[in-house]
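Summary of structural features
One-letter residues, chain by chain:
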Amino acid sequence: MKTPGTSKSHVHIPYGRHWIEQDDIDAVVEVLRSDWLTTGPKVGEFERAFAHFTGAKEAVAISNGTAALHAIMNALGIGPGDEVIVPTMTFAASSNCVVYQGGTPVFVDVQANTLLIDPAAVESKITPRTKAIVAVDYGGQPCDYDALRKIATKHHLALVADACHSVGGSYKNRSVGTLADLSSFSLHPVKHITTGEGGFITTDNPELAVKMRRFRNHGISTDHRQREMQGTWFYEMTDLGYNYRITDFQCALGLQQLKKLPAWIQRRQEIAHRYAAAFAGSDSIRPLNVLPGLSHAYHLYAVRVPATERARLFNDLRSRGVGVNVHYLPVHLHPYYREKFGTQRGLCPVAESAYEQLLSLPMFPRMTDENVETVISTMHELAG
Ligand SMILES: *Cc1c(COP(=O)(O)O)cnc(C)c1O
């Protein structure tokens, strides 16, 4: 097998990589030759398969993970004056979705050993305006949903999971996608499975699912295919929605990818165990903790290195062909949030200090054992 991303001069191992095979291509081509390129039968088929995979009652396919989060905030009725609690150690889309709806994201800190949202910090930020909590399963490790559910119930808040890192994972034998009231997923190529661009929302609430399906189609109550089948031209727009639809050829690709997901998660876990064993005795390379009672989906494999060494290591590793990355600059430190919401350094000290130390190592199912050993030996050589 060709090493992913190999160039003639040196091996390059990226931090993440999609995996497309002939069966994926065939499935897409078949749809391209059919009558329905979008809003056709593959969308519902993919939704049923994803609902079945996660165990959720409803899965709504949508154009990307950010649109999934936007649809969630719309379905919850988030608007001006409402506050939504979001951990700062995440991709900006986790909080941007609140801003799209005119709401205010309230950033909270994470726990140092896992970089997952700190339930005590959540509780301290609740006000009469708080409407929802967004939990982000950083790197693929599910958050403490029992603790979060207790807080949400006590304060009558919606619990949202940004599960873009954790598809296929589980918490106390309950699968990701069923742990919150609404969960968002991304099908971007760097995530576990891909449709190019794509996303999902899962929920057990059928009314919210109806609302989100309308939201992804301009707020119109029927779609093109339903009208075609009913032989009618009549439709009404009942809410303000967007065009957040996903195409049938994307869903055909997604259906093939989903079949491979269990084996891919297993391979990610194998790679993680090898990394964990290799770095167990190191003072300068420190993996995050994995808590008992859960299955980690390993979108990322993040380690901490000394803050003073991080920039050098990033550059040296990359020049040696090991494509490390950094996840994430805490969202409250982005200029947009500083300017519009007045957030600043000191708000979430754990995340701020973790950010200075983080490196994400290559992690994707197609990595060969040889790739994994190259990452390990290069890390040991450069970081000690
Ligand atoms: C990837 C990602 C998103 C956004 O997904 P897109 O499909 O790229 O829009 C949102 N939240 C988190 C945590 C992500 O990693």
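Computed from a predicted model, the values in this text were never measured in an experiment. (Residues numbered from 1 in each chain as written. Predicted model: local features only at pLDDT ≥ 70, side-chain atom pairs only at ≥ 80, totals over all residues. Heavy atoms only, no water.)

Some remarks on the overall build of the protein
As a reminder of what qualifies: Counting from the N terminus, the helices are DSSP H or I runs at least four residues long and the strands are E runs at least two residues long. Here the globule rule is a power law, 2.2 Å times the number of residues to the power 0.38, and the radius of gyration is based on C-alpha atoms. Three exposure classes are used, based on accessible area relative to the maximum for each residue type with a 1.4 Å probe and protein chains only: buried under 20%, partly exposed in between, and exposed over 50%. Contact between two residues is taken to exist if any of their heavy atoms lie within 4.5 Å; hydrogens are not considered. What sets the accessible areas is the Shrake-Rupley method with a 1.4 Å probe; for residues, cover comes only from the shown protein chains.
Looking only at helices and strands, the protein has 13 helices and 13 strands in total. By the compact-globule yardstick of 21 Å for 384 residues, the protein fits well, its C-alpha radius of gyration being 21 Å. Taken over the C-alpha atoms alone, the protein extends approximately 70 × 55 × 40 Å along its principal axes. Evaluated residue by residue, the protein yields a buried proportion of 55% over its 384 residues. Look at the contacts in the protein between residues 6 or more apart in sequence, and 71% of them connect residues 24 or more apart. Summed over its atoms, the accessible surface of the protein is roughly 16,500 Å², and 53% of this surface lies on carbon and sulfur atoms.

Observations regarding the pairing of strand S1 (residues 58-62)
Short version of the rule: Here, strands pair whenever DSSP counts at least two bridges between them.
Of all five residues making up S1, five are buried, and the element is well covered by its neighbours. Every second residue of S1 is oriented toward a common face, with Glu-58, Val-60 and Ile-62 on one face and Ala-59 and Ala-61 on the other, all of them buried. As judged from the five bridges shared by S1 and strand S9 (residues 199-203), these two strands associate in the antiparallel manner. In the sheet register, Ala-59 faces S9, and the bridge partner there is Thr-202.

Digging into the sheet that holds strand S4 (residues 130-136)
Hydrogen bonds between backbone groups are what pair the strands of a sheet, and the pairing can be parallel or antiparallel. Short version of the rule: With axes taken as lines fitted to C-alpha atoms, and helix axes fitted only over the stretch in contact, angles between N-to-C directions fall between 0 and 180 degrees.
Spatially, S1-S9-S8-S5-S4-S2-S3 is the arrangement adopted by the seven strands of the open sheet, whose pairing is mixed. In the strand order of this sheet, the two ends are held by S1 and strand S3 (104-108), each with one partner. Direction aside, the axes of adjacent strands within the sheet are offset by 20° on average. Pairing geometry for strand S2 (residues 83-87) and S4, over three bridges, is parallel. Following the sheet pairing, Val-84 is matched in S4 by Ala-132. Docked against the sheet, helix H4 (residues 93-100) engages S2, S3, S4 and strand S5 (158-162), running at close to 150° with respect to S3.

Remarks on the layout of surface pockets
The following threshold applies: A cavity here means a set of 1 Å grid points, computed over protein atoms only, where a 1.4 Å probe fits but cannot escape. A pocket is an open set with protein on both sides within 12 Å along at least 5 of 7 lines, and lining residues have an atom within 4 Å of a point. Grid points are joined across faces, edges and corners, and a volume is the space filled by probe spheres set on the points. Only Asp, Glu, Lys and Arg are considered charged, only Ala, Val, Leu, Ile, Met, Phe, Trp, Tyr, Cys and Pro nonpolar, and every remaining residue, Gly among them, polar.
Of the volumes computed, that of the largest pocket is approximately 450 Å³. Around the largest pocket sit 21 residues that line it, and Thr-39, Arg-213, Arg-216, Asp-223 and Gln-226 are the ones nearest its centre. Elements represented by at least two residues in the lining of the largest pocket include exactly helix H2 (41-54), helix H7 (206-215) and helix H8 (224-230). It is H2 that provides the largest number of residues to the lining of the largest pocket, a total of four residues. Among the residues forming the lining of the largest pocket, the class breakdown is seven nonpolar, seven polar and seven charged. Here the second largest pocket defines a volume of roughly 340 Å³. Along the wall of the second largest pocket there are 22 residues; nearest its centre are Phe-91, Ser-186, His-188, Lys-191 and Tyr-328.

Brief notes about the packing of aromatic side chains
The condition is simple: Ring pairs are drawn from Phe, Tyr and Trp, using the six-membered ring of Trp, whenever the two centres fall within 6.5 Å, and their geometry is named by plane angle: stacked under 30 degrees, edge-to-face over 60, tilted for the rest. Put simply, a charge is over a ring when the Lys NZ or the Arg CZ is close to the ring centre, within 6 Å, and near the line of the ring normal, within 35 degrees.
For the structure shown, the criterion picks out 18 aromatic pairs. Each ring, one from Trp-19 and one from Trp-264, has its centre 5.5 Å from the other, and the planes form 5°; the classification is stacked. With Trp-19 in the segment before helix H1 (22-32) and Trp-264 in helix H9 (residues 248-279), the pair connects residues that are 245 residues apart, well separated along the chain. A ring pair is formed by Tyr-145 and Tyr-171, whose centres lie 6.1 Å apart and whose planes are at 80°; its orientation type is edge-to-face. One end of the pair, Tyr-145, is in helix H6 (residues 145-154); the other, Tyr-171, is in strand S6 (residues 170-171), and 26 residues separate them in sequence. Looking at Tyr-145, the relative accessible area reads 1%, which means it is buried. With relative accessibility at 5%, the residue Tyr-171 sits in the buried group. When the ring centre of Trp-36 is taken as origin, the NZ or CZ atom of Arg-225, which lies over that ring, is 5.8 Å away. Above the face of the Tyr-355 ring, Arg-310 is positioned so that its terminal group lies 5.0 Å from the ring centre.

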